[in-house]
Structures are given as structure tokens and as C-alpha cells.
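One-letter residues, chain by chain:
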Amino acid sequence: MASNPVPPDAGARPSPGMILERLARGATRAARITHTEHLPPRIGSHADWPEQIRPEVIDAIRSAGIERPWAHQARTSEHALRGESVVVATGTASGKSLAYLAPVLSTLLDGSEAPNGRGATALYLAPTKALAADQRRAVRELAAPLGTAVRPAVYDGDTPVEEREWVRQYGNYVLTNPDMLHRGILPAHPRWSSFLRALRYVVIDECHSYRGVFGSHVAQVIRRLRRVCARYGSEPVFLLASATAARPAQAATRLTGLPVVEITEDTSPRGELVFALWEPPLTELHGEQGAPVRRTATAETADLLTDLAVQGVRTVAFVRSRRGAELIALIAQERLAEVDRSLPGRVAAYRGGYLPEERRALERALHSGDLLGLAATTALELGVDVSGLDAVVIAGYPGTRASLWQQAGRAGRSGQGALAVLVARDDPLDTYLVHHPEALFDQPVESTVLDPDNPYVLAPHLCAAASELPLTEADFALFGPATAGLMPQLEAANLLRRRARAWHWTRRERAVDLTDIRGQGGAPVQVVEEGTGRLLGTVDAAAAHTAVHDGAVHLHQGRTYLVRHLDLADNVALVEEAHPPYSTTARDTTAIAVLETDTEIPWGDGRLCFGSVEVTNQVVSFLRRKLITGEVLGETKLDLPPRTLRTRAVWWTVTEDQLDAARVNPEQLGGALHAAEHASIGMLPLFATCDRWDIGGVSVPLHPDTLLPTVFVYDGHPGGAGFAERAFHTAADWLTATRDAIASCECEAGCPSCIQSPKCGNGNDPLHKRGAIRLLDELLRGVPEQT
């Protein structure tokens with residue numbers, strides 16, 4: 001901690017380089033910075049609004065302090081006004097909202113003057129309620145000079161019943177989320193007929209967040225929306241906004257099913273950004289199998305937030321978990337009290353679960369400078385406007401380069417310089433990145449991965465669509481090539497019935513209840529407070545065995561609970577509030593069977609394959625770990641039934657000759673395969689927009705289906721999520737990075753930074769670091785040129 005505090009807010013704002021220099025004072029601190037990247041400032045480029053934008057809208061925009069648009073805003077508006085669906089994928093704070101609002105407001109203003117009917121309407125979709133509420137406030141402020149011509153209204157689960165009818169009848173800019181569209185609007189489309197008939201634009205904000213299984217569900221919800229709109233004679237234009245992404249038009253087309261134009265050149269100005277990669281030091285503690293343990297990213301981030309607050313530097317520290325956000329704020333407050341008793345009150349936590357007025361107060365306090373630091377979850381990442389920050393600290397790689405730049409872009413939003421610091425967790429991917437900065441700074445952001453044709457996703461949406469309007473063969477093209485093959489299965493399951501030329505939903509229950517678009521199927525487990533009977537929330541069925549098993553530590557809205565009993569028969573987890581000094585991690589065992597091999601490529605004597613598998617998994621125990629250090633306190637056995645999952649996987653095999661060439665003997669083989677499996681799972685998020693918890697793996701010295709040593713990496717979702725397929729197509733780069741990550745780690749025999757996994761069901765045993773390197777070297781020698 002800084003020994004000579006700089007009075008907060010005193011004097012001129014320090015440069016990003018000066019802030020970093022102060023953080024790095026001292027020999028031990030300086031050694032933690034593995035790389036510093038300097039991104040120069042960028043000058044903005046203006047253009048004129050298209051002629052079709054109403055002068056009243058341009059005047060309203062000028063009243064908000066914006067004289068002329070940036071060039072990318074004007075281009076986005078031009079495409080929208082021509083009736084072309086468009087995605088604007090530019091950096092944080094580049095004005096994406098205004099790019100789509102200008103044509104939308106102009107069209108709504110035109111519609112308000114129509115002699116008959118309600119005039120034009122627009123629908124706005126956000127991934128979170130908070131973002132929709134933020135956007136309503138922004139639209140109200142911008143459109144205030146336009147009077148009643150623009151009537152923005154939020155329609156979600158929190159909208160009071162008495163307001164909903166007004167929104168349906170009179171709202172012409174309705175803000176909602178995909179969940180409400182799926183469960184509330186589309187099933188009740190006759191009540192929304194006048195709104196849908198006049199629908200001109202659909203805005204999909206933060207569209208890069210629609211990935212994996214959730215993104216696949218949303219893609220089918222959007223197809224259902226397009227189908228219902230067609231029933232009422234409308235064909236809305238889709239306007240999508242995304243953080244910087246690779247091939248955004250391709251991802252937007254998969255999401256909407258329509259051709260989409262992309263705008264990717266960011267013409268807004270940007271201040272200098274200094275981006276430091278920071279690796280916490282090794283401690284004297286030892287983890288599993290005696291492996292060395294690094295200081296946690298949580299503890300390191302709390303120190304940095306403390307030092308930045310002492311310097312008077314306005315900072316947001318992004319943390320992956322709610323508990324982590326609360327913990328970092330608490331530690332920083334305690335340490336600030338030792339320096340100056342006026343400082344602890346100027347640091348706070350910000351996360352989901354807070355009341356809207358609490359969030360607003362925190363945002364205002366940060367904006368005004370009353371707050372110097374926030375420890376925040378990604379609730380602050382999506383679209384919430386907190387300008388004027390000097391620094392961002394990111395506690396652990398957030399999973400994708402898109403999210404990394406989204407978070408880093410929160411600082412310097414007014415065009416001034418900013419500092420960003422990525423603090424590595426004790427994890428293979430984080431360790432690789434802080435030692436391979438080119439993987440962050442010289443590579444484009446990831447492609448958004450989603451698979452709308454996943455039968456586990458598509459089937460329930462076909463049922464929902466049939467309940468909205470009977471399905472015909474003319475609809476098959478809209479829902480995708482897998483549709484025709486699924487219809488007989490849905491008939492056989494008595495979910496749909498064919499009458500004449502159409503399929504109908506004939507059950508009494510609601511078809512939309514067949515699927516939770518954010519879940520994985522199966523009845524969710526209710527989390528109930530044992531003493532009061534109060535329902536705290538729910539956990540997806542697929543996650544229940546690992547999240548709310550007996551003895552698990554469960555977090556809910558900042559409170560900590562211990563699970564007393566998981567009742568699988570009634571789908572209830574009974575919990576009581578507690579304050580244990582540890583977290584829990586479930587351990588499991590996994591077996592895998594190959595159902596079908598879709599594609600197979602020779603890699604020398606080995607094989608790289610992609611196809612369908614069945615995974616049998618059983619949670620067998622859980623570990624207790626100290627909160628700050630991660631030190632293992634003990635292991636407790638569990639008795640839970642096995643579960644099966646049919647999904648998609650990538651796998652590779654090696655032969656006896658390859659093992660001989662790699663000098664991997666039978667005693668080392670299991671550990672070498674196991675180490676390569678762990679590291680490859682840890683590295684896949686660099687190549688597919690997934691988290692390591694979205695995927696799983698199995699390694700077997702002699703697999704019964706391949707009859708060879710085999711490593712599998714599979715999607716942790718029924719039917720697959722597209723991650724394993726992405727791994728297959730990028731396998732050469734993915735496995736090369738995996739090999740480099742293991743080889744570059746400074747440990748002797750393997751540690752959490754390279755080959756140990758926090759979710760290993762075998763206690764990270766056996767593992768053989770050097771054997772894994774030699775095995776991957778030999779496998780990669782056989783990579784064909786086209787891969």
C-alpha cells in the first residue's frame with residue numbers, strides 16, 4: 001500500500017503511465033508486471049446525418065450536446081433507413097446507441113403523424129432488465145423535445161400488471177428481454193397485434209452476449225418473432241449493437257436468420273490506454289499434490305483498488321462473482337481505514353441483486369467522484385454509463401477478448417487517457433495470456449459461437465411456434481434444416497399433432513414452458529431457507545449436483561448459505577444462512593462413449609475427430625477451500641446418482657508408435673493425457689466464446705470405442721453448444737497454445753497455472769507435465785497443412 005497518500009481529487013488528473021508507475025513501486029511489485037501495452041489516442045471522424053432523419057430528431061440530438069455524428073453512426077443510420085438489417089460492432093463508448101436511435105426515433109416521429117392507426121413501433125431487446133431500464137431513461141431524455149411522439153416503456157417481469165395493458169396499447173418503443181418475448185409476448189401475440197402490425201425496427205443490444213446455448217435459444221425466439229410479424233404483415237428491420245467482435249455480420253445472421261450488413265470501423269475518438277498484465281507472486285502455500293499456489297487474484301485486486309483509491313484515482317475493479325466483489329470491497333475498505341478514516345466510505349461493491357435505486361445511487365456517486373472505487377460484477381459491464389473513470393482493474397481473464405475490451409473500455413470514456421490492469425488468476429489460460437501478450441493485443445476478438453440447429457434447442461421452440469400459429473412445411477426454411485427431421489419425433493412424442501397440412505400444439509399446458517432459454521432442461525431445483533420456508537431462488541437442474549449438494553456453500557444476493565440437504569425427489573435444496581470461512585468445489589467422475597463420428601482427420605498416425613457422444617457423470621465429493629488463499633481444508637464424500645448427457649465432442653488419439661517417439665512410457669501415459677486434457681480445456685476459451693465451466697473433458701489410456709489413448713473435450717450442454725465444433729476447426733492453434741502454456745509455466749511438476757484443474761474429479765492425480773509436453777509435440781508434428 002502507498003505510504004504517502006495523495007489527497008483524493010487533488011490537482012490535475014495523473015497520466016495513465018504515472019498511475020501505473022506508482023502502483024509498481026518496489027522490487028516485488030514491479031516484477032509482477034509481465035507486459036505493458038500502450039494504445040495511442042485516436043482522433044474522431046465526423047459525418048452528416050442522412051437526409052431522411054427528421055430535423056426535429058437532429059435538433060433533439062443537438063440539445064443533448066452532440067452537434068454531428070461520428071461516421072460509423074451515420075453509416076449505420078443509412079443502412080437502417082434503407083431497410084437493411086445492420087450490426088454496428090465498435091468499441092465501448094463509441095455511440096452505438098445513438099447509431100440505431102436516430103433512425104428509430106425519426107421513423108416513430110413519422111408514424112405519429114399517420115392519419116390512421118397507431119403509427120410505427122419499435123422493439124428493443126436487452127440481455128438484462130437493468131440495461132433495458134437504463135436505455136428507457138436514455139431514450140426519454142433524448143426524445144423529450146419530441147413530446148408524445150415517442151413513448152418508451154419497459155415490458156418485463158417487473159412491470160406491474162396495471163401498466164401492461166397501457167404498454168400494449170400505447171407504447172411505441174417497447175423495451176424488453178428475450179425471456180419476456182419468449183414467455184409473455186409471443187404466446188399472447190393476438191393481444192399485441194396492433195403493435196406487431198406496425199413493427200418497423202427490432203433493436204438487439206449487446207448481441208455478442210447471445211452465445212452458446214442461450215444464444216441458440218434466442219436465435220429461435222427471434223425466428224418465432226419474425227414468423228408472427230409476417231402473420232400481421234410486417235417485416236421489421238433488425239438493428240444490432242455489439243462489442244467489437246470477429247465476423248459480426250456472420251454472427252448476427254446466425255442470430256436473426258437474415259442477411260446483415262456490418263459496421264466495424266470505429267470513428268469515435270479515444271484517449272491513450274495503458275494496459276498492464278499483472279501476475280500475482282507465488283506463495284509459500286502448497287495445494288493438491290504439493291503444487292505451489294499463487295496469491296489469489298481477489299487479494300491482489302483488493303490491494304490495487306486500495307492503492308488507486310489512496311492516489312485519488314477513480315477505478316472499477318471487475319470481478320467474476322458476487323462474493324468476490326463484496327470481498328474485494330470489504331478488504332479495500334479495511335485497508336483504507338488504516339491510511340485515512342475518510343476513505344473507506346468512498347469504496348463500495350456493485351453487483352446484481354441490488355435494488356435499482358441502490359444501483360443508481362452508486363452510479364451517480366462514481367460519476368460525481370464521491371466514490372473512488374467500485375468492485376463490480378459484469379452487471380456494470382453491459383451498457384451502463386459510468387463515464388469519467390481513470391482506471392479499470394480486471395480480476396481474472398473474463399473469458400473472451402470481447403469482454404476484456406468491453407471492461408477495459410469503461411475507463412477513459414470522456415476521451416481522456418486511462419489505465420487497465422488484468423490480474424491473472426492461478427489458471428492455465430490466465431497464466432498463458434500474461435506471458436503471451438500477443439494473444440490479447442495482436443489477435444482479433446472471438447467469433448460468437450451459437451448453434452440454432454441444436455435439436456435440444458430447436459424442438460421446444462417448434463412446439464412453441466405451433467402453439468402460436470399452426471406450423472406448415474413453408475415454415476421449415478425459417479427454423480433451419482434440422483426442422484423436417486424433428487417433426488416426426490415431436491409427433492411420436494405426442495407433442496404435436498398433424499391435421500391436414502399443418503402441425504398443431506394440442507396439450508393443455510403452455511408450450512413455452514417446455515424450455516427455459518437460460519437453462520439446460522429439467523425441473524429447476526428450488527433453494528429454500530430451512531428456518532423460514534422462504535424461496536431464495538432456483539438452480540438449473542443440470543447444475544444442482546455441483547452447486548447445491550449437501551454441504552455446499554451457496555451465495556444469494558450477497559448472503560452466504562450452507563446447503564443442509566438436497567432433496568432430488570422434490571427438487572428442493574434446504575439451506576440456512578451461515579458465514580463459513582471457506583468455499584466449496586464439487587468433484588466428479590466422468591465416462592464417455594462415442595455415439596457417432598461426424599468428421600475424422602488424420603494427424604500423422606493419430607486422429608482428430610468430431611461427433612456425438614454420451615457422457616455419464618457422477619458427483620462423488622466436494623472440497624473446502626480457504627476464501628483468500630484457496631488452500632484446501634478437506635474433502636467430504638457425497639452419494640449422488642449418476643447423470644447422462646448426449647452432446648458433441650472433439651477428440652484426438654495417438655498410437656503406440658507416437659507414444660514411443662514422444663518417450664511416454666505406460667506409467668506416464670495416464671498422467672500425460674490427463675495433463676493435456678486439463679490444459680486444453682483451460683485454453684479453449686481463447687478460441688471459442690465459452691467459459692471453462694461450459695465444457696468438460698475425459699482422458700483415457702485405452703478407450704473402448706477408439707482402442708487407443710484418447711483425449712475428449714465436450715460441450716457441457718445437451719445437444720452441444722458449438723464450442724467443441726469450434727475447437728475442432730481451430731485444433732492446430734488451440735493445441736499449440738495448450739502445449740506452449742504448459743511448457744512456459746515456471747513450476748516443476750504441474751500447478752493450477754498450467755495443468756491442474758479446479759474441477760477435476762480425480763484430485764488432479766495422476767498428472768505428468770513433461771509427458772504432456774512431449775505428447776503434444778508429437779501429436780502436432782502430424783498436423784496436416786489445411787488444419
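Residues numbered from 1 in each chain as written. Predicted model: local features only at pLDDT ≥ 70, side-chain atom pairs only at ≥ 80, totals over all residues. Heavy atoms only, no water.

(A) Seen up close, the packing of helix α10 (residues 212–231) against helix α11 (residues 248–256). Two elements in contact, α10 and α11, have axes whose closest approach is 7 Å; the angle formed by their N-to-C orientations is 60 degrees. The angle between α10 and α11 falls in the class oblique. When α10 is examined against α11, the residues Gly 215, Val 218, Ala 219, Ile 222, Arg 223 and Arg 226 are found in contact with a partner set consisting of Thr 253, Arg 254, Leu 255 and Thr 256. Across the contact of α10 with α11, the residue classes break down as four nonpolar, three polar and three charged. (Axes fitted to C-alpha atoms, helices over the stretch in contact; angles between N-to-C directions. Helix = DSSP H or I, 4+ residues; strand = E, 2+ residues; numbered from the N terminus. Parallel < 35°, antiparallel > 145°, perpendicular 65-115°, else oblique. Contact = heavy atoms within 4.5 Å. Nonpolar A, V, L, I, M, F, W, Y, C, P; charged D, E, K, R; others polar.)

(B) Focus on the packing of aromatic side chains. By the definition in use, this model includes 12 aromatic pairs. Ring geometry for Trp 405 versus Phe 441: centroids 6.0 Å apart, planes at 70 degrees, classification edge-to-face. With Trp 405 in helix α15 (residues 401–408) and Phe 441 in helix α17 (residues 438–441), the pair connects residues that are 36 residues apart, well separated along the chain. With a relative accessible area of 24%, Trp 405 lands in the partly exposed category. Through successive ring pairs, a cluster of aromatic residues spans Tyr 100, Tyr 124 and Tyr 173. When the ring centre of Tyr 582 is taken as reference, the NZ or CZ atom of Arg 624 above it lies at 6.0 Å. (Phe/Tyr/Trp six-rings, centres within 6.5 Å; stacked < 30°, edge-to-face > 60°. Buried < 20%, exposed > 50% of the residue type's maximum accessible area, 1.4 Å probe, protein only. Lys NZ or Arg CZ within 6 Å of the ring centre and 35° of its normal.)

(C) Focus on the sheet that holds strand β4 (residues 152–154). If you walk across this open sheet you meet the seven strands as β4-β5-β3-β6-β7-β2-β8, and the pairing is parallel. Of all the strands in the sheet, the pair left with one neighbour each is β4 and β8 (261–263). Averaged over all neighbouring strand pairs, the angle between strand axes comes to 20 degrees, with direction disregarded. With five bridges connecting them, strand β3 (residues 121–125) and strand β6 (residues 199–204) associate as parallel partners. Among the inter-strand pairings, Leu 125 is bridged to a residue of β6, identified as Ile 204. Against the sheet, helix α5 (residues 96–112) engages β2 (86–89), β3, β5 (173–176), β6 and β7 (237–242), with an angle of about 165 degrees to β6. (Pairing = 2+ DSSP bridges.)

(D) A look at the pairing of strand β25 (residues 606–626). Of the strand pairs in this sheet, strand β24 (residues 582–603) and β25 are connected by 20 bridges, and their pairing is antiparallel. The partner of Thr 590 across the bridge, within β25, is Asn 617. Hairpin connection of β24 to β25: two residues between the antiparallel strands, including Gly 604 at a positive phi of 65 degrees. Pairing of β25 with strand β26 (residues 632–637) involves five bridges; the strand directions are antiparallel. If you follow Phe 622 over to β26, its bridge partner there is Thr 636.

(E) Spatial organisation of the pattern of salt bridges. Scanning all chains against the criterion turns up 35 salt bridges. A salt bridge links Glu 300 to Arg 32; its shortest N-O distance comes to 2.5 Å. Of this pair, Glu 300 sits in helix α12 (residues 297–310) while Arg 32 sits in the loop between α2 (27–30) and β1 (33–39), placing them 268 residues apart in sequence. Each member of the pair, Glu 300 together with Arg 32, is buried. With a closest N to O distance of 3.2 Å, Asp 158 and Lys 129 form a salt bridge. (Salt bridge = Lys/Arg side-chain N within 4 Å of Asp/Glu carboxyl O.)

(F) Here's a closer look at the environment of Ile 517. Here Ile 517 lies in the loop between β18 (502–505) and β19 (525–529). We classify Ile 517 as buried; its relative accessible area is 2%. For the pair Ile 517 and Phe 622, spaced 105 residues apart in sequence, the C-alpha to C-alpha distance is 29 Å. Setting aside residues no more than four positions away along its own chain, Ile 517 makes contact with Pro 178, Asp 179, His 182, Phe 214, His 217, Val 221 and His 461.

(G) Layout of the sheet that holds strand β12 (residues 315–318). Taken together, the seven strands give an open sheet; going across it, the order is β1-β9-β16-β15-β12-β14-β13, and neighbouring strands pair in mixed fashion. Two strands bound the open sheet, and with one partner strand each, they are β1 and β13 (347–350). When strand polarity is set aside, the average angle formed by the axes of neighbouring strands in this sheet is 15 degrees. Examined bridge by bridge, β13 and strand β14 (residues 373–376) share four bridges and lie parallel to one another. Bridging from a neighbouring strand, Val 347 pairs with Gly 373 of β14. Across the face of the sheet, α12 comes into contact with β9 (273–278), β12, β13, β14, β15 (391–395) and β16 (418–423) while running at roughly 170 degrees to β15. Sitting on the sheet, helix α16 (residues 428–435) is in contact with β1, β9 and β16, with an inclination near 125 degrees to β9.

(H) Expanded view of α12. Relative to the 20 Å expected for 14 residues at 1.5 Å per residue, α12 spans 20 Å between its end C-alpha atoms, a close match to the ideal helical length. Across the 14 residues that make up α12, a large majority, 13, are buried. Just beyond α12, the residue with positive phi is Gly 312, at close to 80 degrees. (Expected span 1.5 Å × (residues − 1).)

(I) Highlighting the side chain of Gln 73. Residue position: Gln 73 is located in helix α4 (residues 71–81). Classification of Gln 73 as buried rests on a relative accessible area of 3%. Not counting residues up to four positions away in its chain, the partners in contact with Gln 73 are Trp 49, Ser 94, Gly 95, Leu 98 and Ala 99.

(J) Local environment of the environment of Val 274. With respect to the secondary-structure elements, Val 274 resides in strand β9. Residue class for Val 274 comes out buried when judged on its relative accessible area of 1%. Considering only alpha carbons, one finds Val 274 and Leu 39, 235 residues apart in sequence, at a separation of 6.3 Å. The residues contacting Val 274, other than those within four sequence positions of it, are Pro 16, Gly 17, Leu 20, Thr 36, Glu 37, His 38, Ala 418, Leu 419 and Ala 420.

(K) Fine view of the packing of α5 against helix α6 (residues 129–143). Where α5 contacts α6, the axes come no closer than 12 Å and their chain directions differ by 55 degrees. In terms of their interaxial angle, α5 and α6 are classed as oblique. Where α5 crosses over α6, the handedness of that crossing is right-handed. Between α5 and α6, the residues in contact are Ser 97, Leu 98, Tyr 100, Leu 101 and Leu 105 and Gln 135, Val 139, Leu 142 and Ala 143, respectively. Each residue belonging to the contact of α5 with α6 can be placed in one class, and the counts come to seven nonpolar, two polar and no charged. (Left-handed = near helix turned anticlockwise from the far one by under 90°.)

(L) A look at the confidence of the model for the protein. The share of residues in the protein with pLDDT of 70 or more is 93%, and the mean pLDDT across the chain is 89. Note on residues 1–11: pLDDT under 50 across the span, and 21 contacts to partners over four residues away in sequence or across chains. (pLDDT = per-residue confidence, 0-100.)

(M) Region of interest: unusual backbone geometry. Here the amide bond leading from Asp 765 into Pro 766 is cis, since omega sits at 0 degrees, within 30 degrees of zero. Secondary-structure assignment places Pro 766 in the loop between α25 (731–744) and α26 (769–781). One non-glycine residue, Asn 494, adopts positive backbone phi at about 60 degrees. Relative to the helices and strands, Asn 494 is located in the loop between α20 (483–492) and β17 (496–499).

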